[in-house]
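Residue strings, one per chain:
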Amino acid sequence: MVGSVLMQRMRACGDFAGLEPTFFSTSAAGSRGPTVDGHSFELQDAHDLEALEALPVLVSCQGSVYTKAVHDKLRARGWSGYFIDAASALRMRDDSVLILDPVNREVIDRGLDRGLKTFCGANCTVSLMLMALQGLFRAGHVEWLSSMTYQAASGGGARHMRELIAQMAAIAGDARDLLDDPATSALALDARVSESLASGEFPTEAFGVPLAASLIPWIDADLGDGQSREEWKSHAEGNKILGSADEVPIDGVCVRVGAMRCHAQAFTIKLRQEVPLDEVRDLIAGANDWVRLIENEREASIANLSPAAVGGSLEVPVGRVRAMRMGPQYLSAFSVGDQLLWGAAEPLRRMLQILRER
Ligand code: HSE
């Protein structure tokens, strides 16, 4: 899915002009691949190391299993090309750089100057958090940050998106007769929905449990210390993206909700010192070309700060910004972003452009 969104973005931005691409597949080598500018490409075998090492830049949206299967073998064979990867496998290596150029272009340039060749897109939630709050981090105002997430089905993959809709369809199908009768009480409807969720027929192969009409308070692996791997990434990857000597503690609880492709996050931010709210708002709004400050009032918030409003867009709206009851150094904020764009495909596309410009 990330590969498909990457292709959409590259076509839309005219990135293929002047490129000589080769398209690979792990499962469909020999079949017809994408068409670019009227030219149809045949898919090559993504495990053919000789074909891969003939190329100066590889962009992989395949996942960590594939990255682990080919990356080190290519390097061991002496391949010194650039590997741009959406997967998490290489993210925390010392010789890799996490890419989110509106936020860390200097870190990327330093990596290139040092001769590093492996550039990884970061976790989607982390990238969207830093796009949203870049202004506060850059000003050095953040002492610590807590992010409570509301993550979309797409983070699990295409199968999970389908299953969310299948779950919704199952609920609606089971409740149809009650829904069609205006005299049905909400409690009767609720009882029917509960029956659907608990029935052995309910589709849960991908998520393991119901997501529709429910939520899932754990994302990714259990690290065994009470933290999920998704939560661990916020501090580890967030600080690696920022590349600063002093780590900022970042932690929270990551939760899957029934949105399709936009992750939302509620932030609690402890500032190092009190900063006037107008200055906070200006810092957030002026940080990059995609962040958009939303007035902290009801109508603007419900119209602009939802997955329904943001899906398919590169904009990263940030709202609900106010000082909290705990004291003037404690800020709340809420942000939504398309996890397939800034959270996945866009940093890869832009890294390829950075390489071409150098
Ligand atoms: N791990 C994320 C999620 C997706 O499950 O939502 C991509 O980083």
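Owing to the predicted nature of the structure, the values given are computational and were not obtained by experimental measurement.

Asks: It is not clear to me how the overall build of the chain should be interpreted in this structure. Could you clarify?
Replies: For the chain, the helix and strand inventory stands at 12 helices and 14 strands. On C-alpha atoms alone, the chain measures out to a radius of gyration of 22 Å, which is about the 21 Å that the 2.2 N^0.38 rule sets for 358 residues. With respect to the three principal axes, the spread of C-alpha positions in the chain is 70 × 55 × 45 Å. Counting only residues that meet the buried cut, the chain has 48% of its 358 residues in that class. Expressed as a percentage of contacts within the chain between residues at least 6 apart in sequence, the contacts between residues at least 24 apart total 68%. Positive and negative charge centroids in the chain, built from 35 and 47 side chains respectively, lie 3 Å apart.

Asks: Just checking my understanding: could you explain the pairing of strand β9 (residues 142-150) for this structure?
Replies: Look at any regular strand and the pattern is simple: side chains alternate between the two faces of the sheet. Direction of pairing for β9 relative to strand β11 (residues 262-271): antiparallel, over a ladder of 8 bridges. Bridge pairing in β11 places Ser146 opposite Thr268. Alignment of β9 against strand β10 (residues 250-253), held across 4 bridges, turns out to be parallel. If you follow Met148 over to β10, its bridge partner there is Val253.

Asks: I keep staring at the pattern of salt bridges and nothing clicks. Help me out?
Replies: Close approach of charged atoms allows side chains of opposite charge to pair. Enumeration over the complete set of coordinates arrives at 18 salt bridges. A salt bridge links Arg358 to Asp113; the shortest N-O distance between them is 2.7 Å. Here the residue Arg358 occupies a position in the segment after α12 (341-357), and Asp113 occupies one in helix α4 (residues 101-113), the gap between them amounting to 245 residues. Across the pair Glu346 and Arg349 runs a salt bridge, and its minimum N-O distance is 3.1 Å. Pair noted here: Glu346 and Arg349 are both in helix α12, with a separation of 3 residues, about one helical turn.

Asks: Would you mind going over the nonpolar core with me for this structure?
Replies: The tendency in soluble globular proteins is for nonpolar side chains to be buried side by side. Counting 70 residues, the largest nonpolar core has Leu145, Ile269 and Met351 as the members making the most contacts within it. Excluding its chain neighbours within four sequence positions, the residues that come into contact with Met351 are Ile84, Ile99, Ile108, Leu112 and Phe119. Within the second largest apolar cluster, 11 residues are counted, among which are Met161, Leu164, Ala170 and Phe202.

Asks: Just checking my understanding: could you explain the environment of Met7 for this structure?
Replies: Here Met7 is to be found in helix α1 (residues 2-12). Separated by 75 residues in the primary sequence, Met7 and Tyr82 place their C-alpha atoms 19 Å from one another.

Asks: Could you clarify how one ought to interpret the side chain of Asp101 in this entry?
Replies: In this structure, Asp101 sits in helix α4. Of the residues examined, Asp101 reaches a relative accessible area of 11% and is grouped as buried. With residues near it in sequence (within four places) discarded, Asp101 still touches Ile108, Arg350 and Ile354.

Asks: Can you walk me through the packing of α4 against α12 in this structure?
Replies: Close contact between α4 and α12 brings their axes to 12 Å; oriented N to C, the two are set at 45°. In terms of orientation, α4 lies oblique with respect to α12. The two elements α4 and α12 cross, and the hand of that crossing is right-handed. Between α4, through Asp101, Pro102, Arg105, Ile108 and Leu112, and α12, the contact on the second element is made entirely by Trp342, Arg350, Met351, Ile354 and Leu355. Looking at the contact of α4 with α12 residue by residue, the classes come out as 7 nonpolar, no polar and 3 charged.

Asks: So what exactly am I meant to see when it comes to unusual backbone geometry here?
Replies: With glycine set apart, most residues show a phi of negative sign, and most peptide bonds adopt trans. Here the phi dihedral of Asp37 falls at roughly 50°; this positive angle occurs in a residue that is not glycine. For Asp37, the location among the structural elements is in the loop between β2 (32-36) and β3 (39-42). In this structure, Asp220 is a non-glycine residue whose phi angle is positive, near 75°.

Asks: Any chance you could explain the environment of Ser313 here in plain terms?
Replies: Relative to the helices and strands, Ser313 resides in the loop between α11 (307-310) and β13 (316-324). Here the alpha-carbon distance between Ser313 and Cys262, two residues 51 residues apart in the chain, equals 9.6 Å. A distance of 2.9 Å separates a polar atom in the side chain of Ser313 from the backbone nitrogen of Glu315.

Asks: Where do I start with the sheet that holds strand β5 (residues 57-60) in this structure?
Replies: Consider a sheet: its strands pair through backbone hydrogen bonds, and that pairing is either parallel or antiparallel. Spatially, β5-β6-β8-β7 is the arrangement adopted by the 4 strands of the open sheet, whose pairing is parallel. The open sheet terminates on both sides in strands that have one partner only, identified here as β5 and β7 (96-99). Going from strand to strand, the sheet's axes swing by 20° on average, the running direction of each strand aside. Taken together, the 4 bridges between β5 and strand β6 (residues 82-85) define a ladder with parallel strand orientation. Opposite Val57, over in β6, you have Tyr82 as the bridge partner.

Asks: It is not clear to me how a nonpolar patch on the surface should be interpreted in this structure. Could you clarify?
Replies: Nonpolar side chains collect at one region of the surface, where Met148, Tyr150 and Val253 lie side by side and expose about 240 Å² of accessible area between them. In this fold, Val253 is placed in strand β10. According to the relative accessible area criterion, Val253 is partly exposed, its value standing at 36%.

The rules we used
- Residues numbered from 1 in each chain as written.
- Predicted model: local features only at pLDDT ≥ 70, side-chain atom pairs only at ≥ 80, totals over all residues.
- Heavy atoms only, no water.
- Helix = DSSP H or I, 4+ residues; strand = E, 2+ residues; numbered from the N terminus.
- Rg over C-alpha atoms; globule rule 2.2 N^0.38 Å.
- Buried < 20%, exposed > 50% of the residue type's maximum accessible area, 1.4 Å probe, protein only.
- Contact = heavy atoms within 4.5 Å.
- Lys, Arg positive; Asp, Glu negative; His and termini not counted.
- Charge placed at Lys NZ, Arg CZ, Asp CG, Glu CD.
- Pairing = 2+ DSSP bridges.
- Salt bridge = Lys/Arg side-chain N within 4 Å of Asp/Glu carboxyl O.
- Core = buried A, V, L, I, M, F, W, Y, C linked by side-chain atoms within 4.5 Å.
- Axes fitted to C-alpha atoms, helices over the stretch in contact; angles between N-to-C directions.
- Parallel < 35°, antiparallel > 145°, perpendicular 65-115°, else oblique.
- Left-handed = near helix turned anticlockwise from the far one by under 90°.
- Nonpolar A, V, L, I, M, F, W, Y, C, P; charged D, E, K, R; others polar.
- Polar contact = N/O pair within 3.5 Å; in protein donor to acceptor, adjacent residues only side chain to side chain.
- Patch = residues over 30% accessible without salt bridge, like charges linked within 9 Å, V, L, I, M, F, W, Y side chains within 5 Å.
- Areas by Shrake-Rupley, 256 points an atom, 1.4 Å probe, with all protein chains shown as cover.

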